[in-house]
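# Working through the structure, step by step
In case you want the letters, here they are:
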Amino acid sequence: MKNLRQRLRAGDYVIGSWISSGSPVVAELMAAMGFDFLTVDVEHSAVELPETQALFQAIRSGHADCAPLVRLPGDEYAVTKRYMDAGAAGVIAPLINRPEQVHAIVRAVKYPPLGERGVGFCRANQYGTRLEEAVAAANEETLVCIQIEHVDGLRHLDEILAVPGIDAVLIGPYDLSASMGLTAQLDHPDVLAAKQRILAACRARGLAAGIHVVQPDVDQAVHYLQQGYRMIAYSLDITMLACLCRQGLGEIRRRVPQSASAA
């Protein structure tokens, strides 16, 4: 079966989600449900590297074909390569506003000659037992996805996308709208225009455009796919749990008011 990077390069679309809870049980269950990828968010959550490795293991346990990704805390070489060694199938790099940041990410994710990722015994090569095989395949298999989520990124969009090594570009709609002074106004004409510009730029360069559908809104996800986005991050574990609880409790209390329950 094609890996995530190969599928995107072949023109397929992929649907994943975000893991913020740090729960291996949740990660394993979500993988078993059929997501193409699950991204451990270490930018906005309290999840650290040892927990992330356990989450990667849980994702692969849930479904061997579900790609474990990590949303990085930044673009530092020493940090990025450790998440790769822990078993990430790729990275999502947040808040990319300059081409230099992309160069730093590719340098840490890819082995020579494409990058400068160090070689050491780690989970990514089964602790040294598959070292040569894993290193030989890694550059072809590992995904580099950057996030454009700020007006500064828009200003330098053409320069950023020209950097070799990018596979996908994921829009962070909330941060993008906030940087425009339009926080959470995702349907504002200026925000819509910014998203359309990113989508068009990705198409022109043959890159997969993606977007985070933060609320678990099926219609919105379908709409984006029909527009031409090929990488959908469908909500996140804590948000889906909150929505399900809110909807269920609201429906129960609507159908059985307190006065009727006490009667």
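For the structure, check the block above.
Residues numbered from 1 in each chain as written. Predicted model: local features only at pLDDT ≥ 70, side-chain atom pairs only at ≥ 80, totals over all residues. Heavy atoms only, no water.

Here the focus is the overall build of the protein chain. Of regular secondary structure, the protein chain possesses 13 helices and 8 strands. In terms of overall dimensions, the protein chain is globule-like: its C-alpha atoms have a radius of gyration of 19 Å, near the 18 Å expected for 263 residues. When its C-alpha atoms are laid out on the principal axes, the protein chain stretches across 75 × 45 × 30 Å. The buried share among the 263 residues of the protein chain stands at 49%. In the protein chain, the share of contacts with a sequence separation of at least 24, taken over all contacts with a separation of at least 6, comes to 61%. Accessible surface for the protein chain amounts to roughly 12,600 Å². Of this, 53% is attributable to carbon and sulfur atoms. In the protein chain, 24 positive and 29 negative side-chain charges are present, and the distance between their average locations comes to 3 Å. (Helix = DSSP H or I, 4+ residues; strand = E, 2+ residues; numbered from the N terminus. Rg over C-alpha atoms; globule rule 2.2 N^0.38 Å. Buried < 20%, exposed > 50% of the residue type's maximum accessible area, 1.4 Å probe, protein only. Contact = heavy atoms within 4.5 Å. Areas by Shrake-Rupley, 256 points an atom, 1.4 Å probe, with all protein chains shown as cover. Lys, Arg positive; Asp, Glu negative; His and termini not counted. Charge placed at Lys NZ, Arg CZ, Asp CG, Glu CD.)

Looking now at the packing of helix α2 (residues 24-32) against helix α3 (residues 49-62). Look at α2 against α3: their axes get within 7 Å of each other, and the N-to-C directions meet at 30°. With respect to their mutual orientation, α2 and α3 come out roughly parallel. Viewed along their axes, α2 and α3 form a crossing whose handedness is right-handed. Taken together, the residues of α3 that come into contact with α2 (itself represented by Pro24, Ala27, Glu28, Ala31 and Ala32) are Leu55, Ala58, Ile59, Ser61 and Gly62. Of the residues that constitute the contact of α2 with α3, the class distribution is 7 nonpolar, 2 polar and 1 charged. (Axes fitted to C-alpha atoms, helices over the stretch in contact; angles between N-to-C directions. Parallel < 35°, antiparallel > 145°, perpendicular 65-115°, else oblique. Left-handed = near helix turned anticlockwise from the far one by under 90°. Nonpolar A, V, L, I, M, F, W, Y, C, P; charged D, E, K, R; others polar.)

Linking two cysteines covalently through their sulfur atoms gives a disulfide. For the structure on display, the rule yields 0 disulfides. There is no disulfide at Cys202, and the cysteine sulfur nearest it, in Cys145, is 9.1 Å away. Residue Cys202 is classed as buried on the basis of its relative accessible area of 0%. Just so you know, Cys243 is unpaired, no disulfide at all, and the nearest cysteine sulfur is the one on Cys245, 9.4 Å from it. (Disulfide = S-S within 2.5 Å.)

This brings us to the pattern of salt bridges. On inspection of all chains with the given rule, the structure shows 12 salt bridges. Across the pair Asp167 and Arg9 runs a salt bridge whose closest N-O atoms are separated by 3.0 Å. In this pair, Asp167 is assigned in the loop between α8 (157-161) and β6 (168-171) and Arg9 in helix α1 (residues 4-9), connecting sequence segments 158 residues apart. Look at Arg9 and you get exposed, because its relative accessible area is 54%. (Salt bridge = Lys/Arg side-chain N within 4 Å of Asp/Glu carboxyl O.)

The next thing to look at is the environment of Gly153. Within the secondary structure, Gly153 is located in helix α7 (residues 151-155). Taking the C-alpha atoms as reference points, Gly153 and Leu225, 72 residues apart in sequence, are found 23 Å from one another. Those residues in contact with Gly153 that lie beyond four places of it in its chain are Ile96, Asn97, Ile148 and Ile160.

Looking now at helix α4 (residues 77-85). Considered for burial, the residues of α4 that qualify are Thr80, Tyr83, Met84 and Asp85. Buried residues belonging to α4 abut α3, β3 (67-71), β4 (90-93) and α5 (99-109).

With that out of the way, let us pick up the nonpolar core. If you look at soluble globular proteins, the nonpolar side chains tend to sit buried side by side. In this structure, Ile146, Leu161, Val169 and Ile198 are the most contacted members of the largest nonpolar core, which totals 54 residues. Residues in contact with Leu161, not counting those within four places in the same chain, are Ile146, Ile166, Val169, Ala201, Cys202, Arg205 and Leu207. (Core = buried A, V, L, I, M, F, W, Y, C linked by side-chain atoms within 4.5 Å.)

Topologically, Ser17 is positioned in strand β1 (residues 14-19). Discounting chain neighbours no more than four positions away, the residues touching Ser17 are Met30, Phe35, Phe37, Leu38, Thr39, Tyr234, Ser235, Leu236 and Met240.

Take helix α6 (residues 131-141) next. Along α6, the residues classified as buried are Ala134, Ala138 and Asn139. Looking down the long axis of α6, one finds its buried residues gathered within 125° of arc, a one-sided arrangement. Of the exposed residues in α6, the ones pointing more than 90 degrees away from its buried face are Glu132, Glu133 and Ala136. (Arc of directions from axis to C-beta.)

It is worth spelling out the pairing of strand β5 (residues 143-148) at this point. Burial analysis of β5 places 6 of its 6 residues in the buried class, the great majority of the element. Here β5 shows a buried face lined by Leu143, Cys145 and Gln147 and a second buried face lined by Val144, Ile146 and Ile148. Here β4 runs beside β5; their pairing, made up of 4 bridges, is parallel. Bridge pairing in β5 links Val91 to Val144. Here 4 bridges tie β5 to β6, and the two strands are oriented parallel to one another. For Ile148, the partnering residue across the bridge sits in β6 and is Ile171. (Pairing = 2+ DSSP bridges.)

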